[in-house]
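Residue-level structure breakdown
Each chain, written out:
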Amino acid sequence: MASPPPTLPVRVPLITEPVGILGSLKAARRNVLSIIPDIATRQPMVSGRTGKRWHMVMDPGALRRVLLENEANYPKSIVTKNLLRPAIGESMFIAEGAEWRWQRRAAAPVFSHRNVMNLAPIMTAAAERSAERISGAGNRAVDMAEDMVRTTFDVIADVTFSGDGSFDSDGVHQAIDAYIAEAGKISLFDILGLPDWVPRPGRMVSAGAMRDMKRVADDAVEARRKRGPEGVPDLLDLLLEGEDPETKRRMNTAELRDNLLTFIVAGHETTALTLAWSLYLCAFDARVQDKAREELRRVCGDGPVTGADVANLPYIRMIADEALRLYPPAAMVSRSALADDTLCGRKISRGDTVIVPIYALHRHHQLWDAPDAFRPERFETRKDLQRYAYLPFGDGPRICIGASFALQEAVIILGTLLNRFRFTPVTGKAPEPVMILTLRPEGGVWLQAEPL
């Protein structure tokens, strides 16, 4: 068996000494994860004050309390809502309480196993187009991060609107990217918890583009409402049919639009990142690529990777799982305590911010063996994994509704590319993990792709 690579994959340098509020702001505008203290990878909980009192929680038992047992006491923080509301309104990602519950119940059937499997051919087709683009690059290095964004946006545009021409997917893509680029610059106003009506200078730039995007989306929803479904139902068809079984409430146009935009934003960005980091890691370790290829040859031969193959490709899934551990797209989330509580024996006061630094949790020395190493095999026996030590999709009632969709898509696309190419890194072009809203490979993921 080949020896493991001599160095570790790229990682974020965590802080080893305290910084004040201005230092935190400066660091956060560059890379949100750089405000995590290194001791967060060794301690169950770290507390401090930056404007207001905060607690970083890495203890699985305490995380279970925050995300499940006492979930109602820990709504998403004002910072999170302020950042995302202009783009996705009061969708289920932001809504709380009864408003969240009815939307979640109405949308849950959309992501049933049958519906997700019905959309698999769209994922296979997008994966094949990606492989053709990579082949067309010849001997030139390819930025796989950029291509994965294109590939997953192709998927989400097709599964959302069936490519029926009523929706300007490129325009929406540009508007979303422009908004994320601006909104992601953490504002001092957000850290201090100022109300939403106080203007955020950095976000004024993209407000017009967001208004235009919402208008286009509203028109597309109304057009589909009149036209009705054709062929395999897409996400919009399924949402239009969706009804809360308890209240019989259905989503109006604005609610449909906000949730569709949520699926578009979350549904392509996070999967694209999972794939880009997976390919970086595979190029980093040739042994993993070889093992993956053996599995692919056995299951798929030279044919395409289909939805029916996904359950028979456990090692490809393990690579994606390990990429999600090392580089979780939502690498830090925050909650606000509504009432006093106790976590890890420490008092949490009403109004305190509770931060779940998923990046630190996934690299915690008490929870993971060799936490900074790339080892897909650690997911071989899932029952051995400690619950709430691995949270790429969150957990509890608000676990990501599209997790099964994202994992199926990741396995199909990753499997397709590993079955066609041998990937090697480009010297001097290692990506830098930087989190603005999501954990992105700054500088791109530049790889050589040798056809097999």
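Residues numbered from 1 in each chain as written. Predicted model: local features only at pLDDT ≥ 70, side-chain atom pairs only at ≥ 80, totals over all residues. Heavy atoms only, no water.

Let's talk about the overall build of the protein
Counting its secondary structure elements, the protein contains 17 helices and 11 strands. For the protein, the proportion of its 452 residues judged to be buried stands at 54%. For the protein, contacts bridging at least 24 residues in sequence account for 74% of all contacts bridging at least 6. Summed over all atoms, the accessible surface of the protein reaches about 19300 Å², with 55% contributed by carbon and sulfur. (Helix = DSSP H or I, 4+ residues; strand = E, 2+ residues; numbered from the N terminus. Buried < 20%, exposed > 50% of the residue type's maximum accessible area, 1.4 Å probe, protein only. Contact = heavy atoms within 4.5 Å. Areas by Shrake-Rupley, 256 points an atom, 1.4 Å probe, with all protein chains shown as cover.)

So, the pairing of strand β11 (residues 446-451)
Pairing analysis gives 2 bridges linking strand β3 (residues 142-143) to β11, with the strands arranged antiparallel. Bridge pairing links Asp 143 to Trp 446 in β11. Judged from the 5 bridges that link them, strand β8 (residues 421-425) and β11 form a sheet pairing that is antiparallel. Considered in β11, the bridge of Phe 421 is made with Pro 451. (Pairing = 2+ DSSP bridges.)

Topic: the sheet that holds β3
Read from one edge of the open sheet, 3 strands run β3-β11-β8, paired in antiparallel fashion. Each edge of the open sheet is held by one strand with a lone partner, namely β3 and β8. In the packing of helix α13 (residues 253-284) onto the sheet, the strands contacted are β8 and β11, and the crossing angle to β8 comes to about 80°. (Axes fitted to C-alpha atoms, helices over the stretch in contact; angles between N-to-C directions.)

Quick word on the pattern of salt bridges
This structure, assessed with the given rule, holds 33 salt bridges. In this structure, the salt-bridge partner of Glu 128 is Arg 420, at a minimum N-O distance of 2.2 Å. A residue pair is termed long-range when its members are at least 10 positions apart, and Glu 128 in helix α6 (residues 120-136) and Arg 420 in helix α17 (residues 403-420) qualify at 292 residues. Residue classification places Arg 420 among the partly exposed positions, given a relative accessible area of 29%. Notably, a salt bridge pairs Lys 347 with Asp 340, separated by 3.7 Å at the nearest N-O pair. (Salt bridge = Lys/Arg side-chain N within 4 Å of Asp/Glu carboxyl O.)

So, unusual backbone geometry
Despite not being glycine, Lys 248 shows a phi value in the positive range, around 65°. For Lys 248, the position within the fold is in the loop between α12 (235-241) and α13. Accessibility expressed as a relative area gives 52% for Lys 248, which makes it exposed. The phi torsion at Cys 344 lies on the positive side, around 50°, for a residue other than glycine. Relative to the helices and strands, Cys 344 resides in the loop between β5 (341-343) and β6 (346-348). Note on Cys 344: relative accessible area 40%, which makes it partly exposed.

Points about α17
With 18 residues, α17 should reach 26 Å at 1.5 Å per residue; the first-to-last C-alpha distance of 26 Å fits that figure. Most of α17 sits out of view: 16 of its 18 residues are buried. (Expected span 1.5 Å × (residues − 1).)

Regarding the confidence of the model for the protein
Interpretation of this model should avoid reading the predicted coordinates in detail wherever pLDDT is low. Per-residue confidence for the protein averages 88 on the pLDDT scale, and 88% of its residues sit at or above 70. Segment residues 1-6: pLDDT under 50, and 4 contacts once partners within four positions in sequence are set aside and those in other chains are kept. (pLDDT = per-residue confidence, 0-100.)

Side note on the packing of helix α14 (residues 286-300) against α17
Here α14 crosses α17 at 100°, and the two axes come no closer than 9 Å. What the angle tells us is that α14 and α17 run roughly perpendicular. Counted together, Gln 289, Ala 292, Arg 293, Leu 296, Arg 297 and Cys 300 of α14 and Gly 415, Leu 418 and Asn 419 of α17 form the full contact between these two elements. Split by residue class, the contact of α14 with α17 holds 4 nonpolar, 3 polar and 2 charged. (Parallel < 35°, antiparallel > 145°, perpendicular 65-115°, else oblique. Nonpolar A, V, L, I, M, F, W, Y, C, P; charged D, E, K, R; others polar.)

With respect to the packing of α6 against helix α7 (residues 144-161)
For the pair α6 and α7, the least separation of the axes is 9 Å and the interaxial angle reads 150°. For the element pair α6 / α7, the angle class is roughly antiparallel. When you trace α6 past α7, the crossing you get is right-handed. On α7, the residues touching Ile 122, Met 123, Ala 126, Ala 127, Arg 129, Ser 130, Arg 133 and Ile 134 of α6 are Met 144, Asp 147, Met 148, Arg 150, Thr 151, Asp 154, Val 155, Asp 158 and Val 159. Per-class residue counts for the contact of α6 with α7 are 9 nonpolar, 2 polar and 6 charged. (Left-handed = near helix turned anticlockwise from the far one by under 90°.)

Some points on the sheet that holds strand β2 (residues 52-57)
Read from one edge to the other, the open sheet built from 4 strands follows the order β1-β2-β7-β4, with strand pairing classed as mixed. Each end of this open sheet is capped by a strand with a single partner; those strands are β1 (45-50) and β4 (333-336). Averaged over all pairs of adjacent strands, the angle between their axes in this sheet comes to 25°, without regard to strand direction.

Quick notes on the environment of Phe 263
Position of Phe 263 among the secondary structure elements: in helix α13. C-alpha of Phe 263 to C-alpha of Phe 93: the two residues are 170 residues apart in sequence and 9.5 Å apart in space. Apart from residues no more than four positions distant in its own chain, Phe 263 is found in contact with Met 92, Phe 111, Ile 156, Leu 235, Leu 239, His 268 and Ile 401.

What about empty space enclosed by the protein?
Empty space left among the atoms is revealed by rolling a probe the size of a water molecule over them. A full pass over the atoms with the stated rule returns 1 cavity of 30 Å³ or more. Estimated volume of the largest cavity: approximately 80 Å³. What lines the largest cavity is Val 66, Leu 67, Glu 71, Tyr 74, Pro 75, Lys 76, Glu 96, Arg 335, Asp 395 and Arg 398. Residues belonging to the lining of the largest cavity are distributed by class as follows: 4 nonpolar, no polar and 6 charged. (1 Å grid on protein atoms, 1.4 Å probe; cavity = no way out; pocket = protein on both sides within 12 Å on 5 of 7 lines; lining within 4 Å. Points joined across faces, edges and corners; volume = space filled by probe spheres on them.)

Some words on the packing of aromatic side chains
In this structure the tally under the stated criterion is 10 aromatic pairs. Arranged with centres 5.2 Å apart and planes meeting at 80°, the rings of Phe 111 and Phe 263 form a pair that is edge-to-face. Taken together, the residues Phe 111 in the loop between α4 (97-107) and α5 (113-118) and Phe 263 in helix α13 connect sequence positions 152 residues apart. Comparing Phe 111 with Phe 263 shows no difference in burial state: the two are buried. Judged by centre distance (6.2 Å) and plane angle (45°), the ring pair of Trp 368 and Phe 379 falls under tilted. (Phe/Tyr/Trp six-rings, centres within 6.5 Å; stacked < 30°, edge-to-face > 60°.)

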